[in-house]
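# Chains, contacts and geometry: an overview
In case you want the letters, here they are:
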Amino acid sequence: MYHQDDTIAAISTPRGSGGIAVIRISGSLAICTADTIFRGKASLEKIESHRAVLGKIVDAPNDQSTENPTISASILDEVIVVVFRAPNSFTCEDVVEISCHGGQYLAHRILELLLHNGTRMAEPGEFTQRAFLNGRLDLSQAEAVADLISARTEASLKSALAQFQGALSARVKKIRSTLLDLCSLLELELDFAEEDLEFANKEEVAARLQQTRDEIQSFLATYERGKILREGAKLVIVGKPNVGKSSLMNALLKEERAIVTDLPGTTRDVLEEQLDIRGVLFRVVDTAGLRTTSDAVEKEGVLRAYQQVRDAEIVLFLFDGSCELDRDDRSLIDEVFKSRKDDSRAGIVVAINKVDLPGKLSEAEVGQRVGVSDVLQISATLHLGFESLETKLLEKALGPETSLISSDAMVTNIRQKLALEGGIQALDRALASVRKGLSGEFVAVDLKEALNALGEIIGEVTTEDVLGNIFSKFCIGK
Ligand code: GDP
C-alpha cells in the first residue's frame, strides 16, 4: 500500500491536447504546494472552498518579483483553480484542481513544478482509493467510478451510476444485517449454554438461513444482465457468402449509433464493431472466416471464427430469401451448433434477408431446419424489418424485460459474483449444520464466513491484494 500521508498529484484529463487539462492534487499539503506556484488576487490558503479563482502559474516559486506578475518570463499559463477543503472533497482530503490550457507539454510542466514542491506522482486509481480508504465510497462504489468513466452507452452509464449511488451496497448491507442478527442470536445462546436456554428456534433459524440464501441467489441471477449492460453483448452474424451479412451490418451501423468501428478484436483476423441499439452495446464480430476450407492458414481463421461463435451471447443466422436452402446453409447450421457450448436455441436469432426479392424460402422451412419457431423477415438494403430484428436482439441479450434501463442493484463484475457465490456456499454449510442439529457454534462459524464474503463486495472486509487488483486497473489521475 502506498503512503497515505503523502500529497499526490496527477493530470486527470486524458493524454493529448484539448481545450483544457485538469491537474489534481490531494493531501494535507495540497493547498500550500499549489500556492507556491499560483499567483492570484489572494493566496489559495485564503480562498473559500468550492470557489473557482483565476490566476497565473509561475515557474519561479521563490521569485518575489512575480508576486504581481504582468508579463514575465516565469509565467507558464493563466489558469482556474478550485480548492476543495477536507472533508468535502472527492478524497475527503484537501484537494486542489488546476484547470490549465489543454496542451500536453503545458500540463506536464505544471505537474512537474508540483512534484518539485512537495507532492508525489499519484499511482493509478490512487485518488479513488483514498476516497475508499477515507470512507467516502465503499468498494463497489469505487469500482463504479471506473465503470462510469468507461461507459459507452446509456445502459452501461445507468447501471454504473446506480452502483455509484449505492444501489448494490444497499442490497448487500441489507442481507448482511439479517445475517448479523442471526449471528448475534446464536452467540447469545452460546453465552447461556449452561442454562440450556434456546433463543433461536432451530426451525426458524433454518428458515431464515434459507430465505437469505434465496435472496443472494436471486441477486446473483442479475449477473448476466448486469454484465451485458456493462460490457455489451457479443453478437456474431453467420450465413454463407452473399446472404447480406456486411450489408446488414452496414445498415445497422447507419441506423443506430456506431460507437467505434473496426476495433481490432482479440485476434488479427477478427474485427469487432460496436453498435448501440436503443442504449445497449452490441459488440459485433465479423466472421468472414466462417467457411469450410482445406487451406491450412485459412483453416486457422475458420477455427477462430467458430471460437467467436462459441463465445457469443447471440448468434444471428442470416439466409438469402431469394435462393433455396442449400448444402452450404445446412452445413453452416450444423457447424454452428457443434461449436456452441450447449445445443440450446437460447441466444439464436434467425432472419431471412432480401425479402424485397421474389421469395424461394419459407419461414417454416428455415425455422424447422435451425430448430426455432420464430423467423424474422428483413431486407438489409431497404431497411425492412429492422424494428422487430432489434427488439429480438435486445430480448436475447437482456431477457423479456428489454425496457431496461433500471436503476436496480445488479451484480456487474466477476469479483462481486465470486463473493456472492462464496456467501451461498457458506450458508449452505450453515444450513446443513442446523439440519444435522449441530450446536450453534458450528453454525456461527459458517455464518461469519458468509458475512465476510458479502463484506468483500463493499470492502468492509478486504485485503491489500484485492485493493491492489482493483485500483491498479484505473488510470493515473482517477
Ligand atoms: P455477405 O457476403 O453475406 O456479407 O453479403 P453482402 O452484404 O456482401 O451482400 C451480397 C449481395 O447481396 C450484395 O450485392 C448486396 O447488395 C446484396 N444484398 C444484401 N442484402 C440485400 C437485400 O436485402 N436485398 C437485395 N435485393 N439485395 C441484397
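Let me begin by describing the structure that accompanies this report. (Residues numbered from 1 in each chain as written. Predicted model: local features only at pLDDT ≥ 70, side-chain atom pairs only at ≥ 80, totals over all residues. Heavy atoms only, no water.)

### Side note on the environment of G321
Put simply, the rule reads: Elements are defined by DSSP. Helices are runs of H or I of four residues or more, strands are runs of E of two residues or more, and each kind is numbered from the N terminus. Per-residue accessibility, obtained with a 1.4 Å probe over protein chains only, is compared with the maximum for each type, and a residue is labelled buried under 20%, exposed over 50%, and partly exposed between these values. Note on contacts: a residue pair is in contact if any heavy atoms of the two residues lie within 4.5 Å.
Along the chain, G321 turns up in the loop between β13 (314-320) and α11 (327-339). Taking relative accessible area as the criterion, G321 reaches 4% and is therefore assigned buried. As a C-alpha pair, G321 and G359 span 38 residues in sequence and 5.4 Å in three-dimensional space. Setting aside its immediate chain neighbours within four residues, G321 contacts I352, N353, P358, G359, K360 and L361.

### Here we look at the site of the ligand
Which entries qualify depends on this criterion: Here, proximity means that at least one heavy atom of the residue falls within 4 Å of the molecule or strand. Whenever a nitrogen or oxygen atom comes within 3.5 Å of another N or O atom, the pair is scored as a polar contact, on the condition that within protein one atom can donate a hydrogen and the other can accept it, and that pairs from neighbouring residues in sequence are kept only if both atoms are in side chains. Surface accessibility in these figures is a Shrake-Rupley result with a 1.4 Å probe; residues are shielded only by whichever protein chains are displayed. Residue classes follow a fixed rule: Ala, Val, Leu, Ile, Met, Phe, Trp, Tyr, Cys and Pro count as nonpolar, while Asp, Glu, Lys and Arg count as charged, and any other residue, Gly among them, counts as polar.
Taken together, 15 residues surround the ligand, and among them N242, K245, S246, S247 and D356 come closest. N353 places a side-chain nitrogen or oxygen 3.1 Å from a nitrogen atom of the ligand. The contact in question runs from an oxygen atom of the ligand to an N or O atom on the side chain of S379, over 3.0 Å. Protein contact buries 71% of the 580 Å² of open area that the ligand shows by itself. The leading source of residues in the shell around the ligand is helix α9 (residues 245-255), at three residues. Class assignment of the residues belonging to the shell around the ligand gives a composition of four nonpolar, seven polar and four charged.

### Describing helix α16 (residues 464-471)
Basically, it comes down to this: Arc definition: it is the arc formed by the directions from the helix axis to the C-beta atoms.
For α16, every residue scored as buried is listed here: L467, I470 and F471. Down the axis of α16, the buried side of the element spans an arc of 85°, and every buried residue falls inside it. Those residues of α16 that are buried are in contact with α3 (126-133), α4 (139-150) and α14 (414-436).

### Focus on the sheet that holds strand β5 (residues 75-84)
Within a sheet, adjacent strands bond to each other through the backbone by hydrogen bonds, running parallel or antiparallel. Let me state the cut-off plainly: Strand pairing is assigned whenever DSSP detects at least two bridges linking the two strands. Only the contacting stretch of a helix is used when fitting its axis, a line to C-alpha atoms as for every element, and angles between N-to-C directions run 0 to 180 degrees.
Across the sheet, which stays open at both edges, the seven strands sit in the order β3-β4-β5-β6-β2-β1-β7 with mixed pairing between neighbours. Both outer strands of the open sheet, β3 (38-40) and β7 (120-121), are each paired with one neighbouring strand and no more. Alignment of β3 against strand β4 (residues 52-58), held across three bridges, turns out to be antiparallel. If you follow R39 over to β4, its bridge partner there is K56. Running at roughly 75° to β3, helix α1 (residues 30-37) makes contact with β2 (20-26), β3, β4, β5 and β6 (95-101) of the sheet.

### Looking at the pattern of salt bridges
Note the cut-off: Whenever Lys or Arg places a side-chain nitrogen within 4 Å of a carboxyl oxygen from Asp or Glu, that contact is recorded as a salt bridge.
For the coordinates displayed, the defined rule picks out 30 salt bridges. The partner of E126 in a salt bridge is R130, and the shortest N-O contact between them spans 3.6 Å. Within this pair, E126 and its partner R130 are both found in helix α3, separated by four residues, close to a single helical turn. Linked by salt bridges that have partners in common, D6, E93, R120, E126 and R130 make up one network.

### Comments concerning the environment of L113
Considering the arrangement of structural elements, one finds L113 in helix α2 (residues 104-116). Exposure remark for L113: the relative accessible area of 7% places this residue in the buried category. The spatial distance from the C-alpha of L113 to the C-alpha of D59 is 7.1 Å, given a sequence separation of 54 residues. Not counting residues within four places of it along the chain, the set of residues in contact with L113 comprises I37, I57, V58, D59 and L76.

### Quick notes on the pairing of β4
Relative to β5, β4 runs antiparallel, the two being bridged by seven bridges. Among the inter-strand pairings, G55 is bridged to a residue of β5, identified as V79.

### A closer look at the nonpolar core
Our working rule: By nonpolar core we mean a set of buried residues, namely Ala, Val, Leu, Ile, Met, Phe, Trp, Tyr and Cys, connected to one another through side-chain atoms within 4.5 Å.
Ranked by internal contacts, the top residues of the largest apolar core, which has 32 residues, are L248, F282, I314, L316, L389 and L393. When contributions to this core are tallied by element, the ones reaching two or more residues are α8 (223-231), β8 (233-238), α9, β11 (271-277), β12 (280-285), β13, β14 (348-353) and α13 (386-398). Per element, the largest residue contribution to this core is six residues, and it comes from α13. Contacts of L389, omitting those with residues within four sequence positions, involve L248, L316, V349, L376 and I378. If you look at the next biggest cluster of nonpolar residues, it comprises 31 residues, including L182, V205, A419 and L420.

### A few points about the packing of aromatic side chains
Rule in force here: Aromatic rings from Phe, Tyr and Trp, taking only the six-membered ring of Trp, are treated as a pair when their centres fall within 6.5 Å; an angle between ring planes under 30 degrees marks them as stacked, one over 60 as edge-to-face, and anything in between as tilted. Here, a charge over a ring is recorded when the distance from Lys NZ or Arg CZ to the ring centre is within 6 Å and its angle to the ring normal is within 35 degrees.
Within the structure shown, the criterion is met by four aromatic pairs. Centre to centre, the rings of F471 and F474 are 5.4 Å apart; their planes meet at 40°, and the pair counts as tilted. Taking the ring centre of F127 as reference, the NZ or CZ of R24 above it sits at 4.7 Å.

### Things to note about the packing of helix α6 (residues 167-191) against helix α7 (residues 202-220)
Quick reminder of the rule: Every angle not falling under 35 degrees, over 145, or within 65 to 115 is termed oblique; those three ranges are roughly parallel, roughly antiparallel and roughly perpendicular. Note on convention: the crossing is left-handed when the near helix lies turned anticlockwise from the far helix by less than a right angle, right-handed when the turn is clockwise.
Look at α6 against α7: their axes get within 11 Å of each other, and the N-to-C directions meet at 160°. When the axis of α6 is compared with that of α7, the two are roughly antiparallel. Of the two possible hands of crossing, α6 and α7 adopt the one that is left-handed. Contacts between α6 and α7 pair L168, R171, V172, K174, I175, T178, L179, D181, L182, L185 and E189 from the former with K202, V205, R208, L209, T212, E215, I216, S218 and F219 from the latter. Partitioned by chemical class, the residues of the contact of α6 with α7 number ten nonpolar, three polar and seven charged.

### With respect to the environment of K392
Looking at the secondary structure, you find K392 in helix α13. What makes K392 buried here is its relative accessible area of 15%. Separated by 42 residues in sequence, K392 and V350 place their C-alpha atoms 9.7 Å apart. When near neighbours in sequence (up to four residues on either side) are disregarded, K392 contacts V349, D374 and L376. Side-chain polar atoms of K392 contact the side chain of D374, separated by 2.5 Å.

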